[in-house]
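# A look at the structure
Residue-level listing of the chains:
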Amino acid sequence: MYPQFFSSLTKEIELKLRSTLLNCYENFNFYRRRFKESGVTYDDLASGSPVEIMSSLPMLGGDSLPELSSESISSIENIVDMETSSGTTGDRKKRFISQRDDLSDHRLMAEMFRFCSINQNDRVVCLDTDPAYLMISFARALDLLGVEEVYNYAVGPDFRRELAKLPPLEPTTIFTVPSLLERSLAELEEFQKGPSGSVQKIVFLGERVPNALRTRLEKEWEVEVFSYYGAAETSSLGIECTAHEGIHLFTTHNLFEVTNKPPELVVTSLKQATLPLLRYKLGDLVDHIPGECRCGSSYPRVKVNGRVGDTFTIFGSDFHYESLLQSMYRDQNEIGFMQINITRTDRDVLTIVVPEEQRVNEKFLKQSLLKEQMELDFLVASRFVDLQFLYVDQEYFQSARKMKLVTDRRPRL
Ligand SMILES: [Zn+2]
């Protein structure tokens, strides 16, 4: 039986998939070994059904990446670039990029930015911390799209003073990471008050966008907020459209599947010759959004719910960060910050870390959390789990670029 794909498998996709499979066989020992283990021969790859072959292969995880990327340097010519993840939440991931892949990436990104209605009238500022390596690809794609101006704007430790030079550029669009924008809110607000400000759109990348931040920007700044979705191991994956109901996955460049439990997004690259990925688990939890989007695009849509590591189990019950977050802040005006730590003394201790300002709401937060999370309620009531609240400065949540949302420090059994 075929796995669940997010796109119809057209002839064109089959052709691209076959060429990916052949590239894997011809250039990567790693994949030749995999094919052999699954009983797939070169003849199968050349003339069999590529979808059937792909579906028979086991899924790959992040641990396969070091071998694949080291093979890619030795077997692929014309490497022009390297993409790495920021690496604060795990091992640093490397992806070497050939000239051809590079151009294909930039074309794809340009196509995505057109999707959120960025056009030749836009003046775009790519706001990053020093050094501005993260944004260079974005700036190049924006150039390709033909926007009026694109600036790489790196702010160092003295960002207050540096941001003061931003208004004369009259940016209509800002590309940045949520945590950097949060730290710069006060400075940026000075020139962006309601409809008189020049900024109309903000495109966020690299991190999940806190709901509170999104609401504030939409209501107070009157800007449109878009989430870009990509991973260090792949080219760009998708972007939010102007209907703002989920992220469209661009199935021209990648084939997507989702695993059963937990629902994790799996990618097979169709164009990435330098680092071809076959059924690679991205580690992102998604919900498939069924039906046509109001924007008219037929690209499938997902809601990205966080990382697989953001789930944990207590006494066989599965809990997920995002779901706990939503439950806890259900009756508050906005969804605030939260971090979860799990430790063990004579029993499991679940510590909910929240900003100091929430101390007055503890009773309500706890009530709404346990009202919706019935399994947790049972575990707490029967004293299998100790539920505690810990209060920290708001700064704590804003200082780390990629904060770990769940840390499980229980000893492994
Ligand atoms: Zn749409």
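Residues numbered from 1 in each chain as written. Predicted model: local features only at pLDDT ≥ 70, side-chain atom pairs only at ≥ 80, totals over all residues. Heavy atoms only, no water.

Before going further, it helps to spend a moment on the side chain of R214. Among the secondary structure elements, R214 is positioned in helix α10 (residues 211-221). For R214, a relative accessible area of 18% translates into the label buried. (Helix = DSSP H or I, 4+ residues; strand = E, 2+ residues; numbered from the N terminus. Buried < 20%, exposed > 50% of the residue type's maximum accessible area, 1.4 Å probe, protein only.)

It is worth spelling out the coordination of the zinc ion at this point. All of the protein donors around the zinc ion are C241 (SG), H248 (NE2), C293 (SG) and C295 (SG); their distances to the metal are 2.1 to 2.3 Å. Classification of the site at the zinc ion as tetrahedral follows from its four donor atoms and the range of 106 to 114° in their angles at the metal. Read in sequence order, the donor residues for the zinc ion give the motif C-x6-H-x44-C-x1-C. Under the relative-accessibility criterion, C295 is labelled partly exposed at 32%. (Donors = N, O, S within 2.8 Å, 3.2 Å for Na, K, Ca; no water. Tetrahedral: all angles 85-135°; square planar, octahedral: opposite > 155°, others 65-115°.)

Moving on, we come to the sheet that holds strand β17 (residues 348-355). What the four strands build is an open sheet, ordered β18-β17-β16-β19; its pairing is mixed. The open sheet has two edge strands with one neighbour each: β18 (385-392) and β19 (406-408). Within the sheet, the average angular offset between the axes of one strand and its neighbour, ignoring direction, is 20°. Across the face of the sheet, helix α11 (residues 321-328) comes into contact with β16 (339-344), β17, β18 and β19 while running at roughly 110° to β16. (Pairing = 2+ DSSP bridges. Axes fitted to C-alpha atoms, helices over the stretch in contact; angles between N-to-C directions. Contact = heavy atoms within 4.5 Å.)

Here we take up the sheet that holds strand β6 (residues 201-204). With mixed pairing, the eleven strands of this open sheet are ordered in space as β4-β3-β5-β6-β7-β8-β9-β13-β12-β11-β10. Edge positions in the sheet fall to β4 (149-155) and β10 (254-258), since each of these pairs with one other strand and no more. Between one strand axis and the next, the sheet turns by 35° as a mean value, whatever way the strands run. For β6 and strand β7 (residues 224-230), the ladder comprises four bridges, and the chain directions are parallel.

In this section: the state of the cysteines. Structurally, a disulfide amounts to a covalent bond that connects the sulfur atoms of two cysteines. Taken as a whole, this structure holds zero disulfides when the rule is applied. Not engaged in a disulfide, the cysteine C116 finds its nearest cysteine sulfur in C241; these two sulfurs lie 9.2 Å apart. (Disulfide = S-S within 2.5 Å.)

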